[in-house]
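Each chain is listed here by its residues.
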Amino acid sequence: MNCKCRVGLHAFFIGRKDPLRAVRVVLLTALVSGCQTPIESEPHTKVLIPSNQILGGTTDPIVGLGKPLKQALKSTVLTLYIGGDGQVEAESDPSPKHPVALQLAASDAGAWILGRPCYQLSQLPSRCTPRLWQDSRYSEPVVAAMTKVIQQLSVHTGSGSIRLVGYSGGGTLAVLLSDRITSVTEVITIAAPLDLKAWAHLRGASPPKASLDPIQHHKPGGASGITRYLHLVGGRDPVVPLQ
């Protein structure tokens, strides 16, 4: 998603009347400022820390986090950014060459980066096989692993509510995660495919067969029943088009 795809953002609000004004300002500011220089010219190679090294041995080591607990700011709201699909055809490392989520989180003080299983780790465990970032990238095991890390991070930080911000496929996962965690009160997606079958059809491809499709599995209001959703779509985005 480069600059030309960010012109003419369309917002879709689902939930309460409050459109998450403060959060929207942060995100749109990040997006607009990012258009001053294309993302492709500013690569990021930040490596995430395996979650079990931060939260203890009971968390999943294939899910990474962006910083140690000692750097966490005290906040009643835990904000987590989830990145896109990256290099889904890769055989060994699916990490995106230009992780947009890192740029967005950098403009949001106190926010965390929540890695996807096997993404942006310095060493991949043996069970990091291509299926986890190909057909199974939105699957039950992936959602379950990320859910566990989020819940434990919430306990460690003492946060009462959680805000999920997902870019591209990270937005797909954010919606699915909101159905599992009652403390998720806000979800913001950016250029996220939320109907995998329709999205794949537009691209002349097959949907990821082992994955959960939000259009079929998402519960209105999420696990809390009152989660607010803001979906941002680029008016000229050819990858996740408005329609």
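Shown above is the structure to which this text applies.
Residues numbered from 1 in each chain as written. Predicted model: local features only at pLDDT ≥ 70, side-chain atom pairs only at ≥ 80, totals over all residues. Heavy atoms only, no water.

**Overview of the pairing of strand β4 (residues 77–82)**
Phase 1: With five of its six residues buried, β4 lies for the most part within the structure.
Phase 2: Relative to strand β6 (residues 161–167), β4 runs parallel, the two sharing six bridges. Opposite Tyr81, over in β6, you have Val165 as the bridge partner.
Phase 3: In this structure, β4 lies alongside strand β5 (residues 112–113), joined through two bridges in parallel fashion. Pairing of Tyr81 across the sheet is with Ile113, part of β5.
Phase 4: Remark: the β4/helix α4 (residues 100–106)/β5 crossover connection has right-handed handedness. (Buried < 20%, exposed > 50% of the residue type's maximum accessible area, 1.4 Å probe, protein only. Helix = DSSP H or I, 4+ residues; strand = E, 2+ residues; numbered from the N terminus. Pairing = 2+ DSSP bridges. Right-handed = clockwise from strand over helix to strand, strands pointing away.)

**As for the pattern of salt bridges**
Phase 1: Overall, the coordinates contain six salt bridges when judged by the stated rule.
Phase 2: Here Asp85 ties to Arg116 by a salt bridge, and the two come within 2.8 Å at their closest N and O atoms. With Asp85 in the loop between β4 and α4 and Arg116 in the loop between β5 and α5 (140–157), this pair connects stretches of sequence that are 31 residues apart.
Phase 3: With its nearest N and O atoms 2.5 Å apart, the salt bridge here joins Glu186 to Arg163. Of this pair, Glu186 sits in strand β7 (residues 184–190) while Arg163 sits in strand β6; the two residues are 23 residues apart in sequence, bridging distant segments of the chain.
Phase 4: Exposure remark for Glu186: the relative accessible area of 9% places this residue in the buried category.
Phase 5: In this structure Arg163 comes out as buried when scored by relative accessible area, which is 14%.
Phase 6: One salt-bridge network, held together by shared partners, links Asp85, Arg116 and Arg137. (Salt bridge = Lys/Arg side-chain N within 4 Å of Asp/Glu carboxyl O.)

**Concerning the packing of aromatic side chains**
Phase 1: Under the counting rule described, the total for this entry stands at zero aromatic pairs.
Phase 2: Positioned above the aromatic ring of Tyr119 is the side chain of Arg116, whose terminal nitrogen or guanidinium carbon lies 5.0 Å from the ring centre. (Phe/Tyr/Trp six-rings, centres within 6.5 Å; stacked < 30°, edge-to-face > 60°. Lys NZ or Arg CZ within 6 Å of the ring centre and 35° of its normal.)

**Observations regarding the layout of surface pockets**
Gaps between atoms show up when a probe of the same size as a water molecule is rolled over them.
Phase 1: The calculated volume of the largest pocket comes to roughly 690 Å³.
Phase 2: Lining the largest pocket are 30 residues; nearest its centre among them are Gly84, Asp85, Gly86, Ser168 and Val239.
Phase 3: Of the residues assigned to the lining of the largest pocket, the class counts are 15 nonpolar, seven polar and eight charged. (1 Å grid on protein atoms, 1.4 Å probe; cavity = no way out; pocket = protein on both sides within 12 Å on 5 of 7 lines; lining within 4 Å. Points joined across faces, edges and corners; volume = space filled by probe spheres on them. Nonpolar A, V, L, I, M, F, W, Y, C, P; charged D, E, K, R; others polar.)

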